[in-house]
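Spelled out, the chains give:
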Amino acid sequence: MKLRPPPRRVLIALLATIVVLTPIVFFWTRSLVPNDLSPMSMGYADFGGGPVSEHLHHGVDVSELTGPPEQKPDVAVDLVARKERFDIPGRGQTDGYTLNHTSPGPRIVAKQGDLIQVTLHNDNVADGITLHWHGVDVPNAEDGVAGVTQDAVRPGQSYVYRFVAKDVGTYWYHSHQIAHEQVQKGLYGVLIVQPAADDVIAVVHTYDKVRTVNGEYGERRVKAPGPTARVRLINTDNGPMAIWVDGAPYKVVAVDGTDVNAPTEVSGKKVLVTAGGRVDLEIRTNQPVRIALGGGPTTLVIGNGDAPSGTEPKDRVDLLTYGSTKAIGFDPARATRVFRYDIGRTIGFFDGKPGLRWWTINGHQYPDVPMFVVSEGDIVRMTIKNTSGQVHPMHLHGHHLVVLGRNGVKATGSPWWTDSLNVEDKETYEVAFVANNPGIWMDHCHNLPHASQGLITHLMYNGVSTKFHLGGGPNNHPE
Amino acid sequence: MRAVYRVLAGLIAIGVVVQAMAIAVGWFTALKDVDDGLVIDKNYDGNWGHNVHSIVGSTAIPLFALLLLIVSFFAHVQGGVKWALYVFGLVVLQIAFAFAAFAAPVVGALHGANALVLLAVAGMAARRAAGAPTPAATTEATA
């Protein structure tokens, strides 16, 4: 029997279908993120003008870059993570995650030089968990990033973190597995190295719609420790937070764990705490004062009696010019690697999902992003430029950056050492650091939903590789 | 195929209504939440109303518009391809307006107006595929 060719109309229709679908299928397919991806093979190497190295896959594995293995710990903490209901004082019950039945988890306090040992147990968090020590320059194996420095800790499993608290300051810890969900729902806590006994701690966190301080909602009160109080503010949320003090002047005495050199007293100004960042204030507390935490009903009052409530000041303490200059210990002009980190956005697909705002790094979408390759001892400069329409709190693991300038204006204040840098839309920051902590380090946006949308890359040391995979069997999803 | 054409066009029209409902619920909920202690700042990323709007707008309606266009090549609907192209074009325009409105909120007004045009055009496209095919629709005039 002779097969009749299909009518011309059907052929044209088929052809038109192919013409319509081909580009869509092409872009859709290209956007898919492999389910099992080694950080060693993702993206493309960016050597920053330094020597090109061919054998990135060889050398020491990140799992060997541990803290002191033998020595007895000075501070030993056991943390058990659970998915459960817990109370937000002043607000009521909420569903989320806890560490030892509380959120925030237990405060970890150490003296400078202490060996901290944290044993993390996962009771029933089905997706697995990790703990990352935000702002602490730990050895790479202790960094707690699922799929880069370890596998996610499954229910019933444990993992031991050991590191020396070599720098004093205000830090925090949080899960780095499905972080955009787990942190928001409560898997975080405070870590302070060398506090005074009467320091005031104010860790701000928004659970769903409820902004809290130290896990509590509404006006919260603490006693005045004396004529002045050191207040350690921590922003665990995804957006920058304006802090101001009603009722007294204050000094900004530390930023991201590093003391400010020669801080001056300010009044009638706000100070910005980057998402993930920390700011320590010294406040005169001979009268009751109110610390406003980004506006809204949750505030912290120090002292007894009525504290004034004001409105958000217009002026902001600019860390670019605040305090006095001091040597930073290296010469950024002698940089051996120079990188750019341009944050843009694009319309289209990300991992098969269509959207209007997907992030790009140097014009590329995750996972096809630049991997910044360095060697130990390199002096590194980086230009972080944001044209994406939204603010991004940029967080480099394992290192502290010093800010050299912003939008072409040189930094003239105290050395501004940071690990969480608020880069607003249309801003450009010039930063530098010394590559002195070998490993594979995440360099990502700490607006955690943005990270889960691909605003992530890595700083990779020559001679270090990782056996861990993103996705894969342990289902590692650090964002 | 005519029935599929009609259903897809109808789904797009219903989708526009869902979008209007979702975004209204989203912002009224947000206002109520603010009274209840919510802080809307750069940390805020919306509620379920906003999420529905974003998923229906970036995935469901574009997918229906794309399928409508493909179905129109095969369905014997008079002017079917033309109307499917109108719908597709209006959906593209709607997304472009949304994209632009993040930087220039005043463009949001066009996003709102264009939604009503899309609703009307999708409804008219659905009506063209109602009932039995007319003899003229079986010719190649629509290609």
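Note that the coordinates shown come from a computational prediction; the quantities given were computed from them, not determined experimentally. (Residues numbered from 1 in each chain as written. Chains lettered and ligands numbered in written order. Predicted model: local features only at pLDDT ≥ 70, side-chain atom pairs only at ≥ 80, totals over all residues.)

K.L.:
Hey, could you go over the UniProt feature "domain: Plastocyanin-like" (unreviewed entry) in chain A for me, with residue numbers and the actual values?
P.N.:
Residue and element names in this part refer to chain A. Feature annotation in UniProt places "domain: Plastocyanin-like" (unreviewed entry) on residues 90–196 and 358–460, given in this structure's numbering. Helix makes up 4% of residues 90–196 and strand 38%, with an end-to-end C-alpha separation of 28 Å. The distance separating the terminal C-alpha atoms of residues 358–460 is 24 Å; by composition the span is 5% helix and 52% strand. (UniProt positions renumbered as here; feature names shortened; annotations may be inferred. Helix = DSSP H or I, 4+ residues; strand = E, 2+ residues; numbered from the N terminus.)

K.L.:
Describe the sheet that holds strand β14 (residues 219–222) of chain A, and please don't skip the residues or the numbers.
P.N.:
All names here are of chain A. With mixed pairing, the five strands of this open sheet are ordered in space as β14-β22-β21-β16-β19. Both edges of this open sheet fall to β14 and β19 (271–273), since each of them pairs with a single strand only. Pairs of neighbouring strands in the sheet enclose a mean axial angle of 25°, with direction left out of account. Sheet topology note: the strand β21 (residues 289–293)/strand β22 (residues 299–302) ladder contains four bridges and is antiparallel. By the bridge assignment, V289 is partnered in β22 with I302. (Pairing = 2+ DSSP bridges. Axes fitted to C-alpha atoms, helices over the stretch in contact; angles between N-to-C directions.)

K.L.:
Which residues make up the nonpolar core, and what values do they have?
P.N.:
Counting residues in each nonpolar core, the largest one holds 122 residues, and the members touching the most others are L191(A), A202(A), I243(A), I283(A), I291(A) and V431(A). Ignoring any residue separated from it by four or fewer positions in sequence, one finds I243(A) in contact with L233(A), K270(A), V271(A), V273(A), V279(A), I291(A), A292(A) and L293(A). Counting 29 residues, the second-largest nonpolar core is a separate cluster that includes V16(B), L69(B), A84(B) and I95(B). (Core = buried A, V, L, I, M, F, W, Y, C linked by C-beta atoms within 7 Å. Buried ≥ 20, exposed ≤ 12 C-beta atoms within 10 Å, placed from the backbone. Contact = placed C-beta atoms within 7 Å.)

K.L.:
Talk me through the pairing of strand β34 (residues 456–461) of chain A; I want residue IDs and the actual numbers.
P.N.:
Each regular strand shows side chains that alternate between the opposite faces of the sheet. Residues and elements named next belong to chain A. Counting buried positions over the six residues of β34 gives six, a clear majority of the element. Residues of β34 alternate between two faces, with I456, H458 and M460 on one and T457, L459 and Y461 on the opposite face, all of them buried. Alignment of strand β25 (residues 370–374) against β34, held across three bridges, turns out to be parallel. Looking at the pairing, F372 lines up with L459 of β34. In the sheet, strand β33 (residues 440–445) pairs with β34 via five bridges, with the strands oriented antiparallel. By the bridge assignment for β34, H444 is matched with I456.

K.L.:
Explain the interface of chain B and chain A to me, and be specific about the residues and the numbers.
P.N.:
With 22 residues of chain B at the interface, the matching set in chain A holds 26 residues. At the level of elements, α2 (48–74) and α3 (80–103) of chain B are the ones that each hand at least two residues to the side of chain B that touches chain A. Broken down by element, the residue count for the side of chain B that touches chain A peaks at seven residues, all from α2(B). A class-by-class count of the residues in the side of chain B that touches chain A yields 13 nonpolar, four polar and five charged. (Nonpolar A, V, L, I, M, F, W, Y, C, P; charged D, E, K, R; others polar.)

K.L.:
Before we move on, could you go through the UniProt feature "transmembrane region" (unreviewed entry) in chain B and cite the residues and values that matter?
P.N.:
Residue and element names in this part refer to chain B. The UniProt feature table records "transmembrane region" (unreviewed entry) at residues 7–30, 50–71 and 83–103. As annotated, residues 50–71 comprises 100% helix and 0% strand, and the C-alpha atoms at either end are separated by 30 Å. Helix makes up 100% of residues 83–103 and strand makes up 0%, while its end C-alpha atoms are separated by 31 Å.

K.L.:
Residue-level account of the environment of Y461(A), with values.
P.N.:
All names here are of chain A. Assignment of secondary structure puts Y461 in strand β34. Through-space distance from the C-alpha of Y461 to that of S375 is 5.3 Å; in sequence the pair is 86 residues apart. Not counting the four nearest positions on each side in its chain, Y461 is found in contact with V374, S375, E376, A435, P438 and G439.

K.L.:
Any chance you could break down the domain arrangement of chain A for me, citing the residues and the numbers?
P.N.:
Residue and element names in this part refer to chain A. Split into domains, chain A comes out as domain 1 (36–60 + 327–471), domain 2 (65–195) and domain 3 (196–317). Each of domain 1 and domain 3 has a C-alpha centre, and these two points are 30 Å apart. Contacts between domain 1 and domain 3 engage 17 residues on the former and 14 residues on the latter. Put simply, the parts of the chain that give the side of domain 1 that touches domain 3 at least two residues each are β27 (392–396), β30 (417–418), β31 (420–423) and α3 (448–452). (Domains from an automatic or database assignment.)

K.L.:
A description of unusual backbone geometry should follow, citing residues and the corresponding values.
P.N.:
All names here are of chain A. Cis geometry is adopted by the peptide bond preceding P104, which originates at S103 and carries an omega value of 0°. Turning to its location among the elements, P104 is positioned in the loop between β5 (92–99) and β6 (108–110). The step from Y366 to P367 runs through a cis peptide bond, and the omega angle for that step is 0°. Positive phi, normally seen in glycine, also occurs at N214, with a value near 50°. Locating N214 in the fold gives a position in the loop between β13 (210–213) and β14. Using a count of 19 C-beta atoms within 10 Å as the deciding quantity, one classes N214 as partly exposed. Positive phi outside glycine occurs at N475, with the angle close to 55°. Structurally, the position occupied by N475 is in the segment after β36 (470–471). Owing to 19 C-beta atoms within 10 Å, N475 belongs among the partly exposed residues under this scheme.

K.L.:
Hey, could you go over the sheet that holds strand β7 (residues 115–122) of chain A for me, with residue numbers and the actual values?
P.N.:
Sheet strands associate in pairs through backbone hydrogen bonding, adopting either a parallel or an antiparallel arrangement. Residue and element names in this part refer to chain A. Here we have four strands laid out as an open sheet, ordered β5-β4-β7-β9, and mixed in their pairing. Each of the sheet's edge strands pairs with one partner strand only, and the pair in question is β5 and β9 (158–164). The sheet shows a mean angle of 30° between the axes of neighbouring strands, direction not considered. Across seven bridges, strand β4 (residues 75–88) lies against β7 in parallel orientation. Among the inter-strand pairings, V80 is bridged to a residue of β7, identified as H121.

K.L.:
Explain the environment of L396(A) to me, and be specific about the residues and the numbers.
P.N.:
Residue and element names in this part refer to chain A. You can see L396 is positioned in strand β27. Judged by local crowding, L396 falls into the buried class, with 24 C-beta atoms found within 10 Å. A C-alpha to C-alpha distance of 18 Å links L396 and L65, two positions 331 residues apart in sequence. Those residues in contact with L396 that sit more than four places away from it in its chain are L401, D419, W441, D443 and L459.

K.L.:
How would you explain the pairing of strand β10 (residues 169–174) of chain A if you had to name every residue and give the values?
P.N.:
Residues and elements named next belong to chain A. With six of its six residues buried, β10 lies for the most part within the structure. In this structure, strand β8 (residues 132–134) lies alongside β10, joined through three bridges in antiparallel fashion. Bridging across to β10, H134 finds its partner in W172. Examined bridge by bridge, β10 and strand β11 (residues 188–193) share six bridges and lie antiparallel to one another. Bridge pairing links W172 to V190 in β11.

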